[in-house]
Amino acid sequence: MHCSLGTDENKANNHAWYKATCASVQEHVLEQLRKTQKSHYFNDTRAVHYFSAEFLMGRLMSNNLHNLGLFEKTKQALLELGVNLTDIMEEEPDMALGNGGLGRLAACFIDSLATLDFPAVGYGLHYEHGLFRQDIKNGAQIERPDSWRDYGNPWEICRPESIQEISLYGYVETKYKDNGQVQKEWHPGMIVKGLPWDIPVVGYGGKTVNVLRLWQSQASNYFNWDVFNAGGYVDAQKENVQAETISKVLYPNDETEAGKQLRLIQQYFFSACSLKDIIRRYKRANGDDWKYFSEQVVIQLNDTHPAIAIPELMRILIDRAELDWDTAWDISSKTFAYTNHTLLPEALEKWPARMLEKILPRHLEIIYEINHRFMEKVEAIWPGDNQIKQKLSIIEEGHEKMVRMGNLSVIGAFAVNGVAEIHSALVKKNLFPEFDQMWPEKLTNVTNGITPRRWLKACNPRLSALISEKIGDDWPLHLENLATLDKYADNAKFQKQFMKIKHENKVDLAKDVLALTGITINPKAIFDVQIKRLHEYKRQHLNLLHIMALYRRLLENPNYEMQPRVFLFGAKAAPGYKLAKDIIYAINQVAMRVNNDHRLKDKIKVVFLPNYRVSLAEKMIPAADISEQISTAGKEASGTGNMKLSLNGALTVGTLDGANIEIAEEVGDENIFIFGLTVDQVQQLNDQGYNPYDYYYKNKEIKAVLDWLDTDYFTPDKPGALASIKHSLLEGGDPYKVLADFESYSQAQLKADKAYADKSLWAKMAILNTARMGKFTSDRSIQDYVQKIWKLKPCAVE
Ligand code: GPV
């Protein structure tokens, strides 16, 4: 505090203590960072470069302290100074540079890479504003800007010595070399500077410290007046985005593509800066010889967002290094690997060819050439089959010509993976079957995982202590050791200890809920948690309809038997997603009614916690009894919240979708509440023609709750304010089969209710969930990537 803040402890507030503690911790971090970089340099190691438009890091203090092994010491030291570590940790703003699962996965992966001593760099964007802050006003979501760096970020290091410049716009000149060969030269219209900020990524054990390098855009003085004066570019210039706006704000759309220019520029900006950075480092060790590039460098594309890196590397190799096409393609296609995170058609990125032509004219040429050569391959395999060509082409011909980034990624990568067994199977079977036929080895699976350091050790200290007492303290590195807890599942004393911890965590959360919402909840009730982005396919409205059904049952029969239950929600809706916002509004309006209806005698409470984010997840997950994982089968690629909740002893009510299937395999069918249509049954229903009205007329409860939405019961003075939800489920065709799954969901909830009534049975099931989550450590995911795709060797750090 004295040396880095110039503040005296007598006048220091919590924020000053937070900053001072960061400064002290950062000294340890930076020393290990230096040693790590030295070791990687002298060992000349192959490294993975994880390209991701999102890294949802959350807070770093607690994680860094735990990973350095300094948590208890720091807590004690601060206590001696009269300061509470828990309080000052609350001063840290979340680094919310991501939307949801995809961004948080990237954060868990770089934690595991450092923990396992693999040389790795995360590359992304240094957004000035991360995901919007969510306020709830009169039940509705209001978005406010997230200003996470307003008081500085003590963890990040600015690296002006590594600034890169990238080009945009302009035109391509065709020239001829002395030997008659064509040489292309891109005359850009605009140059943008990329300033890197490094966030140290501390591995567990405090040995390896890798970096997350995030690019901030800055204006350069360069403006190409030749291009401007060449004519025809006035319009283009009008639409030029100012350089600084490129890294201003994270797009808040989870899994839907807006098709916005700025988004494409963001993607190119960080991909091109990162590639230049990688090449600079490669050349320092290998000179101008490209022979070893793909031996030293592997680039993982986190979805198609950075896929423009493929033509960018080709451009550098051909136009700059002057390699021939085949040599360049050989290098490039041995460098990139691609992870697919969704099958939803609206989430598969496509860019208008005309937009690419304007912003990246040379890249569009290269994409056409990649496609041309690929089409020759297709012709050789399926001679004369134009339908297959249309389907596999990178270019979608239609009203407007579009560039399909998914096809480009599969063609340009040496490996393609889905994120859970069922998802990868569907990628092969439905999304890319012909690609799978062409390259039977290319498509594979790596099931997602989560870091047990943040998602158990740091967020649930009580349970962590109990586990360590029973099985030793190496489980954060060897999560499979949790299986040893199996033998305590029937032990009455252990059950009591386990459930006492759950209760204490619920008491803590109840305090937070009261402070945040003014709602009092009973820690003895079942805490039923659904936390994830708001999406129709994730079906928060199925949960809501079931809550309304329970409400009706209680009104009709005051003696209706059920365990008291608190339904907790956390979810942000994309600002432009109307129905998602309507569902948030509906949850809040139902909550208002239910929570104030004394006839219910507190049997049901409904809580929507505003501004769901990583740090809030860390408070909710340890307190959850039930984990809602209720997506329509086939729609959730994996899910990762499902793993976090189960690891902390919550029981899943879920469909056979994504990683739920693998969770069920691990915990056993008797320790999970599975319901609903399977992927095949959803398919069948679609084939035979799904009519939601059948369920509306057949099932009285469904009809009653849907009709209830049409009244003003939940929205006094605003009749019909919730009608859009009913409308989407009836006239809208219920695309996510909410009504078809309602009955089965309701049954599963009944089973969960009955199980909770049996304290010992529930405790056993909860313990077995924790005990059997070993598979889902992100360390295992990373080992899978290393063996199947990256082929890395660990590099020890002193
Ligand atoms: I594509 N996912 C996401 O969070 N954002 C996206 O833009 C896309 C996918 C999610 C999937 O929905 C989850 O099922 C999955 O667990 C997660 O990515 C990580 O793979």
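Treat the numbers as computed from the prediction; the structure is a model and nothing was measured.

**Here's the deal with the overall build of the protein**
Right, so step 1: Helix and strand counts for the protein stand at 32 helices and 25 strands.
Right, so step 2: Its C-alpha atoms give the protein a radius of gyration of 27 Å, near enough to 28 Å, the size a compact globule of 798 residues would have.
Right, so step 3: Overall, the protein is about 90 × 70 × 50 Å in size when its C-alpha atoms are taken along their principal axes.
Right, so step 4: Considering the protein as a whole, with its 798 residues, one finds that 50% of them fall into the buried category.

**A look at the sheet that holds strand E17 (residues 402-404)**
In a beta sheet, neighbouring strands are held together by backbone hydrogen bonds and run either parallel or antiparallel to one another.
Right, so step 1: Reading across from one edge, E15-E17-E16 is the order of the three strands in this open sheet, with antiparallel pairing throughout. Bordering the open sheet on either side are strand E15 (350-352) and strand E16 (395-396), each of which pairs with just one other strand.
Right, so step 2: Note: E15 against E17, three bridges, orientation antiparallel. Directly across from tryptophan 351, in E17, lies its bridge partner valine 403.

**Thoughts on the domain arrangement of the protein**
As a measure of interface size, the accessible area lost when the parts come together is often cited.
Right, so step 1: Each assigned domain of the protein is listed here: domain 1 (25-59 + 94-287 + 295-448 + 783-790) and domain 2 (452-774).
Right, so step 2: Each of domain 1 and domain 2 was reduced to a C-alpha centroid, and the two centroids are 35 Å apart.
Right, so step 3: Counting residues at the interface gives 38 residues for domain 1 and 32 residues for domain 2.
Right, so step 4: Only strand E2 (55-58), helix H5 (101-115), strand E5 (133-137), strand E6 (140-144) and helix H16 (421-431) provide two or more residues apiece to the side of domain 1 that touches domain 2.
Right, so step 5: Looking at the side of domain 1 that touches domain 2 residue by residue, the class counts come to 14 nonpolar, 15 polar and nine charged.

**Regarding the pairing of strand E21 (residues 565-570)**
Right, so step 1: With six of its six residues buried, E21 lies for the most part within the structure.
Right, so step 2: Sheet topology places strand E20 (residues 526-531) next to E21; six bridges connect them, and they run parallel. In the strand pairing of E21, isoleucine 531 is matched with glycine 570.
Right, so step 3: Crossover connection from E20 via helix H21 (residues 540-556) to parallel E21: handedness right-handed.
Right, so step 4: Note: E21 against strand E22 (residues 604-608), five bridges, orientation parallel. Looking across to E22, one finds that valine 566 is bridged to lysine 605.
Right, so step 5: The parallel pair E21 and E22, bridged by helix H22 (residues 578-595), forms a crossover whose chirality is right-handed.

**Things to note about the site of the ligand**
Right, so step 1: As a matter of local geometry, the ligand sits amid 19 residues, with Gly101, Leu102, His341, Thr342 and Ser638 nearest to it.
Right, so step 2: Considering only residue class, the shell around the ligand consists of five nonpolar, ten polar and four charged.

**Side note on the pairing of strand E1 (residues 47-51)**
Right, so step 1: A large share of E1 lies buried, amounting to five of its five residues.
Right, so step 2: With burial as the criterion, each face of E1 is covered, one bearing Ala47, His49 and Phe51 and the other bearing Val48 and Tyr50.
Right, so step 3: Strand direction decides the pairing type here: E1 and strand E13 (residues 297-302), joined by five bridges, are parallel. What sits directly across from tyrosine 50, in E13, is glutamine 300.
Right, so step 4: Pairing analysis gives four bridges linking E1 to strand E4 (residues 120-125), with the strands arranged parallel. Looking at the pairing, valine 48 lines up with alanine 120 of E4.

**Side note on the confidence of the model for the protein**
Right, so step 1: Looking at the protein, the pLDDT average stands at 97 and 98% of residues meet or exceed 70.
Right, so step 2: Two numbers describe this predicted complex: its pTM, 0.98, and its ipTM, 0.98.

**Comments concerning the sheet that holds strand E25 (residues 673-674)**
Right, so step 1: Pairing within the open sheet is parallel, and its six strands lie in the order E22-E21-E20-E23-E24-E25. In this open sheet, the two edge strands, each paired with only one partner strand, are E22 and E25.
Right, so step 2: Examined bridge by bridge, strand E23 (residues 626-629) and strand E24 (residues 651-654) share four bridges and lie parallel to one another. Bridge pairing in E24 links glutamate 628 to valine 653.
Right, so step 3: Seen against the sheet, H21 touches E20, E21, E22 and E23 and runs at an angle of roughly 150° to E22.

**Some details on the nonpolar core**
Right, so step 1: Ile110, Phe269, Ile587, Val590 and Val607 are the most contacted members of the largest nonpolar core, which totals 222 residues.
Right, so step 2: Counting contributing residues, this core receives three or more from each of domain 1 (25-59 + 94-287 + 295-448 + 783-790) and domain 2 (452-774).
Right, so step 3: If we skip the residues at most four places from it in the chain, valine 590 touches Leu544, Ile547, Met548, Val606 and Phe714.

**Considering the packing of helix H10 (residues 309-320) against helix H13 (residues 361-381)**
In helix packing, the relevant descriptors are the interaxial angle and the interaxial distance, both defined with respect to the helix axes.
Right, so step 1: Direction vectors running N to C along H10 and H13 enclose 95°, while the axes themselves pass 9 Å from each other. Put simply, H10 runs roughly perpendicular to H13. Residues Pro311, Glu312, Met314 and Arg315 of H10 touch H13, and the partners they reach there are Arg362, His363, Ile366 and Ile367.
Right, so step 2: Here the contact of H10 with H13 is composed, by residue class, of four nonpolar, one polar and three charged.

**Brief notes about H5**
Right, so step 1: Over its 15 residues, H5 extends 21 Å from the first C-alpha to the last, a length consistent with the 21 Å expected when each residue adds 1.5 Å.
Right, so step 2: Of all 15 residues in H5, 15 are buried; the element is thus mostly enclosed.
Right, so step 3: Directly after H5, the chain includes aspartate 117, whose backbone phi takes a positive value near 60°.

**Points about helix H30 (residues 738-757)**
Right, so step 1: With 20 residues, H30 extends 28 Å between its outermost C-alpha atoms, agreeing within 8% with the 28 Å of an ideal straight helix rising 1.5 Å per residue.
Right, so step 2: The largest bend in H30 is about 30°, located at serine 744.
Right, so step 3: All of the buried residues along H30 are Val738, Leu739, Ala740, Asp741, Phe742, Tyr745, Ala748, Gln749, Ala752 and Tyr756.

**A closer look at the packing of helix H1 (residues 14-43) against helix H2 (residues 61-68)**
Right, so step 1: At a minimum axis distance of 11 Å, the contact between H1 and H2 shows a crossing angle of 45°. Taken as axis vectors, H1 and H2 run oblique relative to one another. Like other packed secondary-structure pairs, H1 and H2 cross with a definite hand, here left-handed. The segment H1 lies against H2, with Cys22, Val25, His28 and Val29 engaging Met61, Asn64, Leu65 and Leu68.

Cut-offs used in this document
Residues numbered from 1 in each chain as written. Predicted model: local features only at pLDDT ≥ 70, side-chain atom pairs only at ≥ 80, totals over all residues. Helix = DSSP H or I, 4+ residues; strand = E, 2+ residues; numbered from the N terminus. Rg over C-alpha atoms; globule rule 2.2 N^0.38 Å. Buried ≥ 20, exposed ≤ 12 C-beta atoms within 10 Å, placed from the backbone. Pairing = 2+ DSSP bridges. Domains from an automatic or database assignment. Contact = placed C-beta atoms within 7 Å. Nonpolar A, V, L, I, M, F, W, Y, C, P; charged D, E, K, R; others polar. Right-handed = clockwise from strand over helix to strand, strands pointing away. Near = placed C-beta within 6 Å. pLDDT = per-residue confidence, 0-100. Axes fitted to C-alpha atoms, helices over the stretch in contact; angles between N-to-C directions. Core = buried A, V, L, I, M, F, W, Y, C linked by C-beta atoms within 7 Å. Parallel < 35°, antiparallel > 145°, perpendicular 65-115°, else oblique. Expected span 1.5 Å × (residues − 1). Bend = angle between axes of the 7 residues up to and from the residue. Left-handed = near helix turned anticlockwise from the far one by under 90°.

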